[in-house]
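Coordinates in review
One letter stands for each residue in the lines below.
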Amino acid sequence: MSPPDVSPPDASPAAGQPTALPADAMIVVPVRNTVLFPEIVFPITLGRPASIAAAQQAVREQRQILLVLQRDPEKIEPTADDLHRVGTIANIVRYMTSPEGGHHLICQGVQRFRIAEFVAGYPFLLARGRPLAEPEIGGPQVEARFLVLQQQVGDMLALLPRVPPELRQTVEATSAPGQLADLAITYLDAAPAEKQDILETLELVPRLDKVSKLLAHRLEVLKLSAEIGERTKASLDTRQREALLREQMAAIQKELGEEGSNKQELADLDKAIGGARMPPEVEQAARKELRRLQRTPEAAGEYSMIRTYLDTLIELPWAPPEAKDIDIAAARRVLDADHFGLDKIKKRIVEYLAVRKLAPEGKAPILCFVGPPGVGKTSLGQSIARAMGRKFTRVSLGGVHDEAEIRGHRRTYIGAMPGTVIQAIRKVGARDCVMMLDEIDKMGAGIHGDPSAALLEVLDPEQNATFRDNYLDVPFDLSRVVFITTANVLETVQGPLRDRMEIIQLSGYTAGEKLEIAKRYLVRRQLEANGLKPEQAELDDAALDRIIEGYTREAGVRNLEREIGRVLRHVAVEFAEGRGGQKRIGVDDLEKMLGPTRFDNEVAMRSSVPGVATGLAWTPVGGDILFIEATRTPGNGRLLLTGQLGEVMRESAQAALSLVKSMAATFEIDAGLFEKSDIHVHVPAGATPKDGPSAGVAMFMALTSLLAGRTVRSDTAMTGEISLRGLVLPVGGIKEKVVAAAGAGITRVMLPARNKRDFDDIPQDVRGKLEFVWLDKVDDAVAAGFS
């Protein structure tokens, strides 16, 4: 059938005036999957702007509309060629808008209409044509078909559940054959194309035959459904509705000949279980779940849960790993190539690898690398994996506060999955991998349990050979996994967990080590990251030294790498703009690229007056220098402490003042000053919390300097705890503190004599820059500390 013609508009509207619609044209509203028949009341939802405009125009002018089915329901903006030739004239009974902005019509079909042509030039479709009158042909042929159709409709209503009484009454009251056919096809779940065919069939006999044929097919389906329902009704005693639906699905599959359609899939699973080399206990559990899967319909929600569980079991590496020889010399080369310095750490790692080489089945310790950010903890784990020839996987534990993250969820929950340890092993595909548990100090307990407690079994060599994940519910051997953990601080790691690990401290790098690391690794890495070649850009040693000392102050090298990247990005811009040439970056180029230096040597300025002493402090990100300032004002002997000091540091200040009072005569201090003055001790950087006993010597020197009127040497920094007997007690973090002092321009450090045992830990190049004064008593500090 050729598409209808499109005629030009009857009149061109004047500028600014609304277009007048032709009186003999029908307003067309295309519909996607709905066919309206005469005498039928049906709701229509409008979504397209053209359809909304057409319906609103019809309401304004109180005109009828023409509902026409479009050929392709996916077409967004149908044209005249996309619509059928026969539609239905309808009255708009009601026009409604919803709060969400939707537009809805309630329409009543009036008469069939055949389109002759479409009228163009309007914001919506208009069509001309002729109404199709309902034929009034009687006779035995029509009457016989009418009686058959009545019987079929009655049988269908008897089989359908929850049929409205009004529908039954309407069917019984319908005496016109054509109207009954239209009513039956309206409520029959036939395809839109089938309904459109009935709409276009005007003659009664063919129309009744077509509707009767569709009803006969639908009746067979309904009878078969009722038969299946009767067949499964006997098994409903203890089953709930879900079980009934499964039985019905199984019966339907049997009737359709689709029973056992997933046999190949189940056979593949059975073969995969046999080839996974599972332990007998695990294979027995897997085959039990496979038998459950065979009895479960594919449409059931439990089917996918069992299938996912079996896939997880199959993909895990159950087979014992092959023994791999560890080349100790190659391991040394790998560690030296990947990391500069860290000699003690490398020595301990080589010892660890040697033990694993000689006793591969032995229970190796769990190594825990503890140190500030950016010192190479994670990359050390990767180097160990390379040296051992094993795969490496990393599990981040920062922010984990749910025990199920480690031990997995039970399979009774929707969306259950294994814990992160099992997931990592499944992903890496090796049971003897090197697994790094990163940021173990950042875990926290919550209402869902304590993940640290779950890690106790994972990290215990005596227990992890039979680790049982809640999701797997079968034991999995973790004893061949090489576990390595990292942390910034140990204080937040629980005691039982810390007891299961061997702690290896990684302290901050010295300026010389940072320079070598930058030359060997960081510059090359940033050249590649910024698309530059080594011959295009080069940073000399002086420039790198200036970046280390003037633009960064950290224990690691992360900020140093960022600053190098900033410098090289300036060079990359020049090359991208065509201004590039071989660029050698020196100290003089840094200020215009990075701005003025951020860190200055202010020790001499801060120590040039009495009452100021330079202390040394340890922080989670390395060592730092700490200024203790004291001043005296008229008062009645009070001690005022500021700078957000912790309780231990406040007690150190009290002890220092008491010690100064007891030794006032020795240091030629007027004892009356204590009663007539208030003493204020302040530690700058007041926004930063500070605590610990190691500032005792510095506080004692600041108070002695203030009250004796003597200046502490500006090139000297000190650390150590004091007692009321004047003894200087040992403290921790000596290496980090001494490295920080050297980096800040200090040339002399005063340390507790009992910390001489830590002298060998101080890098050789730092020892060469500093003069060390060892203190047994505070008298030694006074003798060496004043100008």
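The shown structure was predicted, so the numbers you read here are calculated from the model rather than taken from an experiment.

Remarks on helix 16 (residues 451–458)
In terms of burial, helix 16 is a largely internal element, 6 of the 8 residues being buried. Of the positions making up helix 16, those classed as buried are P451, S452, A454, L455, E457 and V458. Buried residues belonging to helix 16 abut helix 14 (404–407), helix 15 (420–428), strand 10 (434–438), strand 11 (467–468), strand 13 (482–487) and helix 17 (495–499).

Quick look at the environment of G129
Following the sequence through the fold, G129 ends up in strand 7 (residues 126–132). Take G129: its relative accessible area is 37%, and that puts it in the partly exposed class. In the structure, G129 is positioned 43 residues away from V86 in sequence and 9.6 Å away in space, judged by C-alpha atoms. In this structure, G129 is in contact with F113, R114, I115 and A116, ignoring residues within four places of it in sequence.

Thoughts on the environment of T510
Inspection of the secondary structure puts T510 in the loop between strand 14 (501–505) and helix 18 (511–529). C-alpha separation for the pair T510 and A555, spaced 45 residues apart in sequence, amounts to 8.0 Å.

A short note on the pairing of strand 9 (residues 392–396)
Burial of strand 9 is one-sided: the residues T393 and V395 facing one way are buried, the residues F392, R394 and S396 facing the other way are not. Relative to strand 10, strand 9 runs parallel, the two being bridged by 5 bridges. Among the inter-strand pairings, F392 is bridged to a residue of strand 10, identified as V434.

What about the side chain of N488?
Positionally, N488 belongs in the loop between strand 13 and helix 17. For N488, the side chain forms a polar contact with the main-chain oxygen of G371, separated by 3.0 Å. Only 2.6 Å separates the side chain of N488 from the side chain of K442, close enough to count as a polar contact.

What about the packing of aromatic side chains?
Using the criterion set out here, one finds 6 aromatic pairs in the structure. Between F667 and F700 the ring centres are 6.0 Å apart and the planes differ by 65°, which places this aromatic pair in the edge-to-face class. Taken together, the residues F667 in the loop between helix 23 (647–662) and helix 24 (672–676) and F700 in helix 25 (residues 696–708) connect sequence positions 33 residues apart. For the ring pair F772 and W774, a centre distance of 6.0 Å and an interplane angle of 10° mean the geometry is stacked.

Focus: the packing of helix 2 (residues 140–159) against helix 4 (residues 177–187)
The N-to-C vectors of helix 2 and helix 4 enclose an angle of 30°; their axes lie 10 Å apart at closest approach. For the element pair helix 2 / helix 4, the angle class is roughly parallel. When you trace helix 2 past helix 4, the crossing you get is left-handed. Of the residues in helix 4, those in contact with V142, F146, L149, Q150 and V153 of helix 2 are P177, L180, A181 and A184. Classifying every residue of the contact of helix 2 with helix 4 by side-chain character gives 8 nonpolar, 1 polar and no charged.

A word on the sheet that holds strand 10
Here we have 5 strands laid out as an open sheet, ordered 9-10-13-8-14, and parallel in their pairing. Here the strands that pair on one side only, and so sit at the sheet edges, are strand 9 and strand 14. Between one strand axis and the next, the sheet turns by 25° as a mean value, whatever way the strands run. In the sheet, strand 10 pairs with strand 13 via 4 bridges, with the strands oriented parallel.

Basis of the calculations
- Residues numbered from 1 in each chain as written.
- Predicted model: local features only at pLDDT ≥ 70, side-chain atom pairs only at ≥ 80, totals over all residues.
- Heavy atoms only, no water.
- Buried < 20%, exposed > 50% of the residue type's maximum accessible area, 1.4 Å probe, protein only.
- Helix = DSSP H or I, 4+ residues; strand = E, 2+ residues; numbered from the N terminus.
- Contact = heavy atoms within 4.5 Å.
- Pairing = 2+ DSSP bridges.
- Polar contact = N/O pair within 3.5 Å; in protein donor to acceptor, adjacent residues only side chain to side chain.
- Phe/Tyr/Trp six-rings, centres within 6.5 Å; stacked < 30°, edge-to-face > 60°.
- Axes fitted to C-alpha atoms, helices over the stretch in contact; angles between N-to-C directions.
- Parallel < 35°, antiparallel > 145°, perpendicular 65-115°, else oblique.
- Left-handed = near helix turned anticlockwise from the far one by under 90°.
- Nonpolar A, V, L, I, M, F, W, Y, C, P; charged D, E, K, R; others polar.

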